[in-house]
Amino acid sequence: MTTHPILAALRKHKAGVVLIALQIALTLAIVCNAIFIIGQRIERVHRVTGIDESNLFLVTQQWVGAPDGDDPSGVEKLDNMQREDLVALRNLPDVASVAPINSLPLLNSSWNGAISLKPGSEMRKGGNTRTTFYFGDEQMLSTLGVRLVAGRAFTAADVQHRSMHDQTEPTVVILTKPVADKLFPDGNAVGKAMYLDGSTSPTTIIGVIERLQVPGTGSWTNTFAYNATLEPLRIDANFTRYVVRAKPGRMDALMQAMPSTLYKINPMRVLDDDSVKSFADIRAEAYRADVGMAILMGVVCLVLLGVTAAGIVGLTSFWVGQRHRQIGVRRALGARKIDILHYFQIENLMIAGGGAIVGVALAVGLNAWLMKHFEMDRIPVVYVLVGLIALVALGQAAVFVPARRASNVSPIEATRAV
Amino acid sequence: MLSYYIELAVRSLKRSPGLTLLMVLTIGFGVAASMTTYSVFRAVSGDPIPWKSSQLFVPQIDMWGPTGRGADGEPPDAMDYIDAMKLVRDHRAKLQSAMYQISPSIVPADASKHPVTTSGHAVNSEFFPMLDVPFQYGNGWSADDDRQRAAVAVISSKLNQKLFGGANSVGKTIDIEGKDYRVVGVLNNWNPQPRFYDVVNSGGFSTGLDDIFIPFDRAISEAMANNGNTNCNEIPKESGFVGLQNSTCVWIAYMAELDDSAAVKTYREYLDGYAHQQQQAGRFAWAPNNRLRSLPDWLDSQHVVPSDTKVSLLVALGLLIVCLVNTAGLLLAKFLRRSSEIGVRRALGAQRNSIYAQFLTEAGIVGVAGGALGLLLTGLGVLSVGWVLPKEIATLAHVDFVLLALTLLIAVLATLLAGLYPTFRASRVQPAWQLKSN
């Protein structure tokens, strides 16, 4: 079939053709970028934390009338209270293990700093490795369920305790593999010395764990999302956090009983609605905005595609109605049903193809604009190509019903006056 | 004449119910998507204190120097203790306050009840008049209380409800962290969103509300820990809370009221003079690099409106434009199908203007129907934003008369706009040609 008569006919409906092509172009531009946003959010939400997330929950509580932790006797008192909690919790039958901890991945409450291989370097200068800090005792690794890939885990003898405002650096730490590899690209970090936060006293690396995500989920953490340093340390402050691993199947009961259990150990503390939180809840909260954005973009895409498909059906139906007589003439002159069907399909292919090509340019332009004004990455070509194919396919699907109706026009129409 | 056009339009719309329904749905969905995202955008981009925001300023001092600046040369977005105290003492603005976030626990008088944790701020006495904070009972404390580090507190109406059953509690005593404080004021449901006085710690929006305010110097002397962010350019040389106070770590928010541009200029000069003085004294090894932003500029620079909200609004507006193009195409088809009818009307003496009026009326009716559907969908949309948006933002979006009126107005205007070209084409129909071809 030659395209010449189709082009000639299109020229008669310039406005309609331009409107459909424009609609397809805009739809393509928006849908490509929206799907790209969805893809990015899904990728973010599926980042692994590196910990075993099942049967895990966090307890956050605050002491009432506790010493302020700035003098040695206050620190000891706070530490005694904390250890009393830990012993009692570890003795519960439903508990697999417990560790004091300052934060968890995705909790959005973090202590961050820098590591240098030289003593006394300025923290914010280039060349330092950014890291987040996790403080906990010898049960931290097993409670989190992180995997040790080199060296050894903390022992009870490694564990220190100090006040929140005390700046003493630890003598030993465990690093995540990304940090260890960045500092020591040869992969022999264990046993090496390094300096934390511009300190002049060295810290020795005793172990390397495979993976542990930082607590922050904002885009500011993207440059060091898996850079974590674990210190064998109980922080003594006016609040404590305990990460608890329940025995399989016992988590709900354990969480339910947690407030009364803690009040029984020591009533002078504050627990609120958020004090006992499962890791699943922490994860859901951290990614709520991302999931929401993905859903919103998904809804917009569906509405857009629906509107555009409906628009094509509507306008093509009108054209079919308008050309009833011509179709009849063609049929009378020997055109087969399939020829009529193909005519409308090719016509739509030309309009949708033209619109989609403009749409590709618009999609790339829109992406560039979003990159300039918002935190957005460059859209990969595959998204645009898939969008292009999807819209052309949508056009073909939408045109099928009116085109088939056109192909069913009887040749006798040619003889009828309108 | 209008009633005649309306009758014509309704008759025409009834003739092709599928196409009409399609247009109404298109307009309804397009407008509803835009208005739902707009309701969220409106909620988060609103001015929290519109009558005064242009007089409120946030000073920033560069105590970190070049190594601590952001990529754009920005100084830290909060203050260290030394500089904040200097600014408060110098008292160069009409009203000013340093602020830091605290989270003290309160022990109820009833011993059978468990202690409760609260969130709040340590502020100076001028905080309350500066921000026009509304009181249900009593008032803020005096400058004298500031100086004397008095054990006084202002509490929220919510905390007052919890502790005193909502009765006037001014003069009563509460136990904060084991010490007795006298209640001097109860706030009247004050929970501005964004929490503009401490954006750095709240990120702008928060579901909780500040339950308690106590004098800044009192909180410092009680060593009440800072519950917000602490950012350090270098590790404090001394340990403890005192070490933090002597360091250049930033953890204090600051706000000043400056009533006119002359006052702003003087204050700017004062800040630069202070930084210059620190440079000469050897504390800063760099030239002054201060900022003094009005509250709206400050909220903007802190990106208080989430970029997700802006992107959603833009995408929804894109959807609306596609819907308009779609409606324009359908109206074009619909109007031109009636070329013969137009030909007859024109031949019988109808003016072009009458054709315009007739077809724009038809477009307008589609717009009103689409708007009605849009109202319904917008209502549903705003109700369901809680499913997809973070709590602290979703709770701010609401339906009100302005939103509904705007929905209807935009639906009608947009449809009329979409109908302009099809109507123009309809008015150009040549009567002779149409009559002949019939």
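Residues numbered from 1 in each chain as written. Chains lettered and ligands numbered in written order. Predicted model: local features only at pLDDT ≥ 70, side-chain atom pairs only at ≥ 80, totals over all residues.

(A) Spatial organisation of the overall build of chain B. Assigned secondary structure in chain B consists of 17 helices and twelve strands. Scaling as 2.2 N^0.38, a compact globule of 438 residues should have a C-alpha radius of gyration of about 22 Å, whereas chain B reaches 31 Å, well beyond that. Principal-axis analysis of the C-alpha atoms gives chain B an extent of 100 × 60 × 35 Å. Considering chain B as a whole, with its 438 residues, one finds that 49% of them fall into the buried category. Within chain B, contacts between residues at least 6 apart in sequence are counted, and of these 78% link residues at least 24 apart. (Helix = DSSP H or I, 4+ residues; strand = E, 2+ residues; numbered from the N terminus. Rg over C-alpha atoms; globule rule 2.2 N^0.38 Å. Buried ≥ 20, exposed ≤ 12 C-beta atoms within 10 Å, placed from the backbone. Contact = placed C-beta atoms within 7 Å.)

(B) Here's a closer look at the overall build of chain A. Summing up its helical and strand segments, chain A has eleven helices and 13 strands in all. What you see for chain A is a C-alpha radius of gyration of 33 Å, clearly larger than the 22 Å of a compact globule of 418 residues, by over 25%. When the backbone C-alpha atoms are referred to their principal axes, chain A occupies close to 105 × 50 × 35 Å. For chain A, with 418 residues in total, the buried portion stands at 45%. For chain A, restricting intrachain contacts to residue pairs at least 6 apart in sequence, the fraction spanning at least 24 positions comes to 81%.

(C) Molecular detail of the packing of helix α8 (residues 288-322) of chain A against helix α11 (residues 381-407) of chain A. Residue and element names in this part refer to chain A. At a minimum axis distance of 9 Å, the contact between α8 and α11 shows a crossing angle of 25 degrees. Here α8 lies roughly parallel to α11, going by the angle between them. Crossing geometry of α8 relative to α11 is assigned as right-handed. The residues of α11 that touch α8, namely those facing Leu-305, Thr-308, Ala-309, Ile-312, Val-313, Thr-316, Ser-317 and Val-320, are Leu-394, Gly-395, Ala-398, Val-399, Val-401, Pro-402, Ala-403, Arg-405 and Ala-406. (Axes fitted to C-alpha atoms, helices over the stretch in contact; angles between N-to-C directions. Parallel < 35°, antiparallel > 145°, perpendicular 65-115°, else oblique. Left-handed = near helix turned anticlockwise from the far one by under 90°.)

(D) Here's a closer look at the pairing of strand β7 (residues 152-155) of chain B. Residues and elements named next belong to chain B. Neither face of β7 is left uncovered, since the one carrying Val-152 and Val-154 and the one carrying Ala-153 and Ile-155 both have all their residues buried. In terms of strand pairing, β7 meets strand β9 (residues 179-187) through four bridges, oriented parallel. Its bridge partner being in β9, Val-152 is matched across the sheet by Arg-182. Where β7 lies against strand β10 (residues 212-215), two bridges are found, and the strand directions are antiparallel. Counted as the bridge partner of Val-154 is Phe-213 from β10. (Pairing = 2+ DSSP bridges.)

(E) Spotlight on the nonpolar core. Of all hydrophobic cores here, the largest spans 96 residues; its most connected members are A:Leu28, A:Val300 and B:Leu319. Elements supplying a minimum of two residues to this core: α2 (14-45), α8, α10 (337-373) and α11 of chain A together with α2 (17-45), α12 (307-337), α14 (352-388) and α16 (401-427) of chain B. Here this core gets 17 residues from one element, more than from any other, and that element is α2(A). Apart from the residues within four sequence positions on either side, B:Leu319 is in contact with A:Ile30, A:Val300, A:Val303, A:Leu304, B:Gly30 and B:Ala33. Counting residues in hydrophobic clusters, the runner-up holds 84 residues, among them B:Val40, B:Tyr100, B:Ile212 and B:Val382. (Core = buried A, V, L, I, M, F, W, Y, C linked by C-beta atoms within 7 Å.)

(F) The domain arrangement of chain B, seen in detail. Residue and element names in this part refer to chain B. Here the domain parsing of chain B yields domain 1 (2-47 + 306-437) and domain 2 (62-257). Once you take the C-alpha centre of each, domain 1 and domain 2 turn out to be 51 Å apart. The element that contributes the greatest number of residues to the side of domain 1 that touches domain 2 is helix α15 (residues 391-394), accounting for three residues. (Domains from an automatic or database assignment.)

(G) Here's a closer look at unusual backbone geometry. Between B:Gln193 and B:Pro194 the backbone carries a cis peptide bond, its omega angle lying at -5 degrees. With respect to the element layout, B:Pro194 can be found in the loop between β9 and α7 (199-202). For A:Asn108, which is not glycine, the phi dihedral falls at a positive 60 degrees. Along the chain, the position of A:Asn108 falls in the loop between β2 (95-100) and β3 (112-116). Overall, the presence of 17 C-beta atoms within 10 Å leaves A:Asn108 in the partly exposed class. Even without glycine at this site, B:Ala223 takes up a positive phi of about 55 degrees.

(H) Fine view of the packing of α8(A) against α12(B). Following both chains from N to C, one finds α8(A) and α12(B) inclined at 10 degrees, their axes separated by 10 Å at the closest point. With respect to α12(B), the element α8(A) is oriented roughly parallel. Looking at the contact of α8(A) with α12(B) residue by residue, the classes come out as 17 nonpolar, six polar and two charged. (Nonpolar A, V, L, I, M, F, W, Y, C, P; charged D, E, K, R; others polar.)

(I) Quick look at the domain arrangement of chain A. What the domain assignment lists for chain A is domain 1 (4-45 + 289-415) and domain 2 (65-267). Here the C-alpha centre of domain 2 of chain A lies 55 Å away from the C-alpha centre of domain 1 of chain A.

(J) Seen up close, the interface of chain A and chain B. The interface is formed by 49 residues belonging to chain A together with 51 residues belonging to chain B. Counting only elements with at least two residues in the side of chain A that touches chain B, the list comes to α2 and α8 of chain A. Looking at the side of chain A that touches chain B element by element, the count peaks at 17 residues for α8(A). Among the residues making up the side of chain A that touches chain B, the classes are represented as 25 nonpolar, 14 polar and ten charged.

(K) Layout of the environment of A:Leu7. For A:Leu7, the location among the structural elements is in helix α1 (residues 4-11). Along the primary structure A:Leu7 and A:Leu22 are separated by 15 residues, whereas in three dimensions their C-alpha atoms are 18 Å apart.

(L) How the structure looks around the confidence of the model for chain B. All names here are of chain B. Per-residue confidence for chain B gives a mean pLDDT of 89, with 99% of residues at or over 70. Taken element by element, chain B is modelled with least confidence in helix α17 (residues 431-437), mean pLDDT 70, and with most confidence in β10, mean pLDDT 96. The complex model carries a pTM of 0.85, and its ipTM stands at 0.85. (pLDDT = per-residue confidence, 0-100.)

(M) Geometry of helix α3 (residues 81-90) of chain B. All names here are of chain B. Along α3, the positions that sit buried rather than exposed are Tyr-81, Asp-83, Ala-84, Leu-87 and Val-88. Where the residues of α3 are buried, they touch β1 (56-60), β2 (95-102), α9 (240-246) and β11 (253-257). The positive-phi residue at the C-terminal boundary of α3 is His-91, with phi of around 50 degrees.

(N) Highlighting the environment of A:Glu76. Turning to its location among the elements, A:Glu76 is positioned in helix α3 (residues 72-90). For the pair formed by A:Glu76 and A:Asp236, sequence separation is 160 residues and the distance between their alpha carbons is 8.2 Å.

(O) Representation of the pairing of β10(B) in the model. Across four bridges, strand β5 (residues 120-123) of chain B lies against β10(B) in parallel orientation. Paired with B:Val123 across the strands is B:Pro215, a residue of β10(B).

(P) Highlighting the environment of A:Thr229. All names here are of chain A. For Thr-229, the position within the fold is in strand β10 (residues 228-236). C-beta crowding within 10 Å serves as the criterion here: with 27 such atoms nearby, Thr-229 is assigned to the buried category. When the C-alpha positions of Thr-229 and Asp-94 are compared, they lie 30 Å apart, and in sequence the two are 135 residues distant. Excluding residues that lie within four positions of it along the chain, Thr-229 makes contacts with Ile-115, Thr-131, Phe-133, Val-173, Leu-175 and Val-179.

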